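Read off the chains here:
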Amino acid sequence: MRSRKVRVAIIGSGKGSNAESIIRHANYEHSLFQVSLVIASKPGIGLIKKAELASIPVFVLDTSLGSMDKSAQICQQVKENTIDVIVLAGYLSRLDDAVIETVNGRVLNIHPSLLPMYGGVGMYGKRVHEAVLAAGETTTGATVHIVTHDYDEGAIVMQASVTIDEGVTAVQLADKVLKLEHEIYPVAIDKCVKLWF
Ligand code: GRF
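Residues numbered from 1 in each chain as written. Predicted model: local features only at pLDDT ≥ 70, side-chain atom pairs only at ≥ 80, totals over all residues. Heavy atoms only, no water.

Here we look at the pairing of strand 2 (residues 33-40)
With seven of eight residues buried, strand 2 lies mostly within the body of the structure. With seven bridges joining them, strand 1 (residues 6-12) and strand 2 adopt parallel strand pairing. If you follow A9 over to strand 2, its bridge partner there is L37. Note on the crossover from strand 1 through helix 1 (residues 17-26) to strand 2: the handedness is right-handed. As paired strands, strand 2 and strand 3 (residues 58-60) are joined by three bridges and run parallel to one another. Looking at strand 3, one finds that A40 is bridged to V60. Assessed by its sense of winding, the connection that carries the chain from strand 2 through helix 2 (residues 46-53) to strand 3 is right-handed. (Buried < 20%, exposed > 50% of the residue type's maximum accessible area, 1.4 Å probe, protein only. Helix = DSSP H or I, 4+ residues; strand = E, 2+ residues; numbered from the N terminus. Pairing = 2+ DSSP bridges. Right-handed = clockwise from strand over helix to strand, strands pointing away.)

Some words on the nonpolar core
If you look at the biggest cluster of nonpolar residues, it comprises 37 residues, and the most contacted ones within it are I10, F33, V35, V144, Y185 and I189. Looking at which element gives the most residues to this core, the answer is helix 6 (residues 170-196), with eight residues. If sequence neighbours within four positions are ignored, F33 has contacts with K5, V6, V8, I22, H25, A26, P186, I189, D190 and V193. (Core = buried A, V, L, I, M, F, W, Y, C linked by side-chain atoms within 4.5 Å. Contact = heavy atoms within 4.5 Å.)

Structural notes on the pattern of salt bridges
Counted according to the given criterion, the structure contains five salt bridges. Of the charged contacts, one joins K50 and E20 as a salt bridge, the two residues approaching to 3.5 Å between their closest N and O atoms. Of this pair, K50 sits in helix 2 while E20 sits in helix 1, and the two are 30 residues apart along the sequence. Judged by its relative accessible area of 34%, E20 is partly exposed. For the salt bridge of D175 with K179, the shortest nitrogen-to-oxygen distance reads 3.1 Å. Taken together, the residues span about one helical turn, with D175 and K179 both in helix 6 at a distance of four residues. (Salt bridge = Lys/Arg side-chain N within 4 Å of Asp/Glu carboxyl O.)

Focus: the packing of helix 1 against helix 6
It is at 9 Å that the axes of helix 1 and helix 6 come closest, and there the two elements cross at 45 degrees. If you check the angle between helix 1 and helix 6, you find them oblique. Note on packing geometry: the crossing formed by helix 1 with helix 6 is right-handed. Of helix 6, the residues touching helix 1 (which contributes S17, N18, S21, I22 and H25) are L178, E181, H182, Y185, P186, I189 and D190. Here the residues of the contact of helix 1 with helix 6 are counted per class, giving five nonpolar, five polar and two charged. (Axes fitted to C-alpha atoms, helices over the stretch in contact; angles between N-to-C directions. Parallel < 35°, antiparallel > 145°, perpendicular 65-115°, else oblique. Left-handed = near helix turned anticlockwise from the far one by under 90°. Nonpolar A, V, L, I, M, F, W, Y, C, P; charged D, E, K, R; others polar.)

Looking at the packing of aromatic side chains
The final tally for this structure, using the stated rule, is zero aromatic pairs. One Lys or Arg, R106, reaches over the ring of F197 and ends 4.7 Å from the middle of that ring. (Phe/Tyr/Trp six-rings, centres within 6.5 Å; stacked < 30°, edge-to-face > 60°. Lys NZ or Arg CZ within 6 Å of the ring centre and 35° of its normal.)

Comments concerning the side chain of T143
By secondary structure assignment, the location of T143 is in strand 6 (residues 139-146). Judged by its relative accessible area of 0%, T143 is buried. Within the local environment of T143, its side chain forms a polar contact with the backbone oxygen of S113, the two atoms lying 2.6 Å apart. Within polar-contact distance, the side chain of T143 engages the side chain of Q159 at 3.0 Å. Excluding residues that lie within four positions of it along the chain, T143 makes contacts with N109, I110, H111, S113, L114, L115, I156, M158 and Q159. (Polar contact = N/O pair within 3.5 Å; in protein donor to acceptor, adjacent residues only side chain to side chain.)

Laid out in structure tokens, this is it:
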């Protein structure tokens, strides 16, 4: 039996709705992990509020720094807080290899499509859903995957799909997929923790 919950850091740039759902799940007794740190890419974002409400320590990256220095800041925080797993939730920058290595490759991301479709550079936010609608798809979904050097290309950990109703807008579709993200992300983290530790 594990003697302690695995320590997770969430890194994000947005509203923090996935972080909120991950934090809620982590607080259940049966969950295998705890959220020990939240790293925000800039000040003033919703993610910070969600972490503060849950009394989770927050570190805000210095936006005046270049990407190498930001990576060094992330690595330092990960080490100081003895983080085991990094979870990206709406983090838009590419994660440096050095960061991935600090947690031995145990980095997860969620993407709002059924990867490998509608992933890769430039495919984020509303653009993903617009592309899905433009292609006339009848289903879409969300994917949790391992983060590697290349955008949205690591091994898929979990996928779930939703149907696309006729006449739906990209914003409505984004909302439907986001609800699905909230359901699968915490479960996928537990699944990986079980495998990795
Ligand atoms: C989600 O749609 C996720 O798929 C993408 O960024 C968004 C983050 O939203 N990677 P939130 O900050 O968790 O609300």
